[in-house]
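Topology and contacts: notes
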Amino acid sequence: MRSIKVVIPFKLDCAKSRLSPVLSSAERQDLALAMLEDVIDAVSGLGDVTILLKDPPSEPGTFDRLISRPGIHSQIDILDCPLELDPALNLLIEAEVKRGWPSDLLIAMADLPLMTPSDLEEMVGTPGDVVIAPGRGGGTNLILIRNPKFRVSYYGLSFLKHLQMAADLGLSAGVFESFRCGSDVDEPSDLVEVMIHGRGRTPELLRSLGFSLSGVRERSRAEISR
Ligand SMILES: Nc1nc2c(ncn2[C@@H]2O[C@H](COP(=O)(O)OP(=O)(O)OP(=O)(O)O)[C@@H](O)[C@H]2O)c(=O)[nH]1
Ligand SMILES: C[C@H](OP(=O)(O)O)C(=O)O
């Protein structure tokens, strides 16, 4: 099997703005870092990892502990790129093409705190020139790119867009359906799933911020309170 390079795009400044009804700006940054930690734990067995960073953090050393924890054996690099999500990722893809496509690329969003190494093993076993793990509601949570012709186009109905882009290029697309990989954390109601199913740093942080499951389940959803 070909080797895999993992790319995690990450933005700390104004991170997770859709959670502003329930979390302050500093808390959202802490949450973004906790989710990044859980994502690194899930992906680090697959190969080397590049964190594609939008804006260098104001506090030096923000990432030091995250990337040099015991149990993390892969190489983790931080690559600064001020561009928006798509141009930053497509520039990185083109750089890999110029290098002769030494590894396949797995692009993993940093807001997937439920994802586990065994989910990813299953995804990597899925055939296709491109394999996509959709997010709930039509987004794209993970893309495994095995063919260097593919480029990304996130936001909007990006799952369907990515399938169409693969078809337009004549590439085969595998779809990896997974509850854990499909659960990205964007809206306050997504925090419920983290409290119920999370096992890592993210539910721990939410508990330390005072969140708990209220024990009530209304309109088919458990409720959390703070
Ligand atoms: N490198 C880079 N990463 C980004 C950028 N915008 C978002 N990301 C990352 O891409 C992933 C998905 O982004 P979103 O779910 O929109 O996260 P977000 O922008 O922090 O959240 P909202 O402000 O609520 O949209 C997360 O891992 C983000 O950290 C960007 O402009 N550059
Ligand atoms: C990046 C974007 O994430 P969302 O904010 O839609 O979860 C997408 O999946 O296309």
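Please refer to the structure placed before this passage.
A brief report on the enclosed structure follows. (Residues numbered from 1 in each chain as written. Chains lettered and ligands numbered in written order. Predicted model: local features only at pLDDT ≥ 70, side-chain atom pairs only at ≥ 80, totals over all residues. Heavy atoms only, no water.)

1. Some details on the overall build of the chain
Secondary structure assignment for the chain yields eight helices and nine strands. In terms of overall size, the chain behaves like a compact globule, its C-alpha atoms giving a radius of gyration of 17 Å where 226 residues would be expected to give roughly 17 Å. By principal-axis analysis of the C-alpha atoms, the chain measures approximately 50 × 40 × 30 Å. Classification of the 226 residues of the chain by burial places 52% in the buried group. Across the chain, contacts joining residues at least 24 apart in sequence account for 67% of those joining residues at least 6 apart. If you sum the accessible surface of the chain, you get close to 10700 Å²; carbon and sulfur atoms cover 52% of it. (Helix = DSSP H or I, 4+ residues; strand = E, 2+ residues; numbered from the N terminus. Rg over C-alpha atoms; globule rule 2.2 N^0.38 Å. Buried < 20%, exposed > 50% of the residue type's maximum accessible area, 1.4 Å probe, protein only. Contact = heavy atoms within 4.5 Å. Areas by Shrake-Rupley, 256 points an atom, 1.4 Å probe, with all protein chains shown as cover.)

2. With respect to the sheet that holds strand β6 (residues 140-145)
A sheet is described by the order of its strands in space; here seven strands give the open sequence β3-β2-β1-β4-β6-β5-β7, paired in mixed fashion. Every other strand in the sheet has two partners, leaving β3 (76-80) and β7 (173-175) as the edge strands with one partner each. Recorded for the sheet is a direction-independent mean angle of 20 degrees between the axes of neighbouring strands. Bridge count for strand β1 (residues 4-10) against strand β4 (residues 104-108) is four bridges, and the pairing is parallel. Bridge pairing links I4 to D104 in β4. The strands touched by helix α4 (residues 117-124) are β1, β4, β5 (130-134) and β6; relative to β6, the strand with the most contacts, the crossing angle is about 50 degrees. (Pairing = 2+ DSSP bridges. Axes fitted to C-alpha atoms, helices over the stretch in contact; angles between N-to-C directions.)

3. Some details on the site of ligand 2
Looking at ligand 2, the residues that line it are R18, L85, M109, G139, T140, Y154, Y155, S158, D184 and D186. Between an oxygen atom of ligand 2 and a main-chain N or O atom of T140, the distance comes to 2.8 Å. Measuring from an oxygen atom of ligand 2, one finds a side-chain N or O atom of S158 at 2.6 Å. For ligand 2, whose accessible area on its own is 290 Å², the fraction buried by protein is 86%. Structurally, ligand 2 is housed in the largest pocket. (Near = heavy atom within 4 Å. Polar contact = N/O pair within 3.5 Å; in protein donor to acceptor, adjacent residues only side chain to side chain. 1 Å grid on protein atoms, 1.4 Å probe; cavity = no way out; pocket = protein on both sides within 12 Å on 5 of 7 lines; lining within 4 Å. Sits in = over half its atoms within 2 Å of the grid points.)

4. What about the side chain of K16?
Examined against the element boundaries, K16 turns out to sit in the loop between β1 and α1 (25-43). Beyond its immediate sequence surroundings of up to four residues, K16 is in contact with R28, M35, D111, V185 and D186.

5. So, the site of ligand 1
Taken together, 18 residues lie near ligand 1, and P9, K11, K16, S17 and R18 sit nearest. Here an oxygen atom of ligand 1 and a backbone polar atom of P9 are 2.9 Å apart. D186 has a polar side-chain atom sitting 3.3 Å from an oxygen atom of ligand 1. When ligand 1 sits alone it has 610 Å² of accessible area, and the protein chains cover 92% of it. For ligand 1, the cavity whose grid points lie within 2 Å of the majority of its atoms is the largest pocket. Here the residues of the shell around ligand 1 sort into ten nonpolar, one polar and seven charged. (Nonpolar A, V, L, I, M, F, W, Y, C, P; charged D, E, K, R; others polar.)

6. So, the packing of aromatic side chains
Applying the stated criterion to the full structure yields one aromatic pair. Between F10 and F63, the aromatic rings sit 6.0 Å apart at their centres with planes inclined by 85 degrees, giving edge-to-face as the arrangement. On the criterion of sequence distance, the pair formed by F10 in strand β1 and F63 in the loop between β2 (49-53) and α2 (64-67) is long-range, its members being 53 residues apart. Just as F10 is buried, F63 falls in that class too. (Phe/Tyr/Trp six-rings, centres within 6.5 Å; stacked < 30°, edge-to-face > 60°.)

7. Quick word on the pattern of salt bridges
The full count for this structure, using the stated rule, is 14 salt bridges. In this structure, D104 and R2 form a salt bridge, with 2.9 Å as the shortest nitrogen-oxygen distance. Taken together, the positions of D104 in strand β4 and R2 in the segment before β1 put the pair 102 residues apart, joining distant regions of the chain. Of the residues examined, D104 reaches a relative accessible area of 5% and is grouped as buried. Across the salt bridge formed by R69 and E37, the nearest N and O atoms sit 3.6 Å from each other. Here R69 is found in the loop between α2 and β3, whereas its partner E37 is found in helix α1, with 32 residues between them in sequence. A residue is classified by how much of its surface remains accessible, and E37, at 8% relative accessible area, is buried. The network of salt bridges with common partners includes K16, R18, D111 and D186. (Salt bridge = Lys/Arg side-chain N within 4 Å of Asp/Glu carboxyl O.)

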